[in-house]
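# Reading the structure
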Amino acid sequence: MKNLLSHLNPESLSLVRSIGDLARGQGSVAYLVGGPVRDLMLGFPNVDLDITVEGNCIRLAENLAGQHRGARVTRYPAFLTATVLMPDNSLVDFATARQEIYAYGGVFPEVKPAGIKDDLLRRDFTINAMAIAINPDAWGKLIDPFGGVADLLSKKLRVLHEKSFLDDPTRILRAARFKARLGLSVEGKTFKLLKSAIKIKVLDTIKPQRYLKDFNKILKEPNFREAIKCLKSWDAYKGPEGSP
């Protein structure tokens, strides 16, 4: 597949190259991950910059900010993440590649450092579980261990494991959002898992604020009515107040 990084707009391309150089300099490996990779495949050049690092992501964020006068770093050491607010007010999100361990469904997970494949495995759907290497020695290499390219081409929405909706019930709302936005169909086994999770009322295990956070993302979509229609047909609609 053609190097997807060449599809970035010039400003983002320059910034990603710089981050890759900095990662190499500190002995880390950095990747553009998740939704930005998906959107580059769909032909969108203006993507968010979500960077996952095999190594110390906070140090990498600090090194990037140090190269740009006026840039500011916000650190979240408990979650192994950081955000850089660039001088032009754009954001670059950094995360250390990590595993997530859920004590039980609906709660925030315990996180610990891991490799890129384990990091991708924790994501919601295969189309969001891809990465592109940005270090100079592996520039543009696509990491797709779970068939995200094939699912994107066939317009299928597929989870990565059977406990996905149990671990994080908000993925039900994300399924409706991505289905409506990208014109996807929910893959058969995934749909059975989704309906089974709804049947045992997994959405009741999360706080109303978490439901509303994802529901508000739906309302910002151009095709939000289609997403809400999906939620209602799945018996997963709680409305803007977070209740049925």
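Above this text you will find the structure in question.
Scope of this entry: the structure provided in the associated data block. (Residues numbered from 1 in each chain as written. Predicted model: local features only at pLDDT ≥ 70, side-chain atom pairs only at ≥ 80, totals over all residues. Heavy atoms only, no water.)

Moving on, we come to helix H3 (residues 57–66). Among the residues making up H3, those that are buried are Cys57, Ile58, Leu60, Ala61, Leu64 and Ala65. One side of H3 carries all its buried residues, which in axial view fall inside an arc of 160°. On its buried face, H3 sits against helix H1 (10–25), strand E1 (29–33), strand E2 (49–54), strand E3 (72–76), strand E4 (81–85) and strand E5 (91–96). Sitting at the amino-terminal end of H3 is asparagine 56, which places a side-chain oxygen 3.1 Å from the backbone nitrogen of isoleucine 58. (Buried < 20%, exposed > 50% of the residue type's maximum accessible area, 1.4 Å probe, protein only. Helix = DSSP H or I, 4+ residues; strand = E, 2+ residues; numbered from the N terminus. Arc of directions from axis to C-beta. Contact = heavy atoms within 4.5 Å. Polar contact = N/O pair within 3.5 Å; in protein donor to acceptor, adjacent residues only side chain to side chain.)

This paragraph deals with the side chain of glutamate 187. Position of glutamate 187 relative to the elements: it lies in the loop between strand E11 (185–186) and helix H8 (188–199). Using a relative accessible area of 13% as the deciding quantity, one classes glutamate 187 as buried. Here threonine 190 takes part through its side chain, which lies 2.7 Å from a polar atom of the side chain of glutamate 187. In this view, glutamate 187 contacts Lys156, Leu157 and Arg158; residues no more than four positions away in its chain are not counted.

The geometry of an aromatic ring pair comes down to the distance between the two centres and the angle between the two planes. By the definition in use, this model includes five aromatic pairs. With a centroid separation of 6.5 Å and an interplanar angle of 55°, the aromatic rings of phenylalanine 125 and phenylalanine 165 are classed as tilted. Separated by 40 residues along the polypeptide, phenylalanine 125 in the loop between helix H4 (116–121) and strand E8 (131–133) and phenylalanine 165 in helix H6 (residues 164–167) bring together distant segments of the chain. Pairwise contacts between aromatic rings join Phe125, Phe165 and Phe178 into one cluster. Positioned above the aromatic ring of phenylalanine 178, the side-chain terminus of arginine 177 is 5.0 Å from the ring centre. Sitting over the ring of tyrosine 237, lysine 232 keeps its end group 4.9 Å from the ring centre. (Phe/Tyr/Trp six-rings, centres within 6.5 Å; stacked < 30°, edge-to-face > 60°. Lys NZ or Arg CZ within 6 Å of the ring centre and 35° of its normal.)

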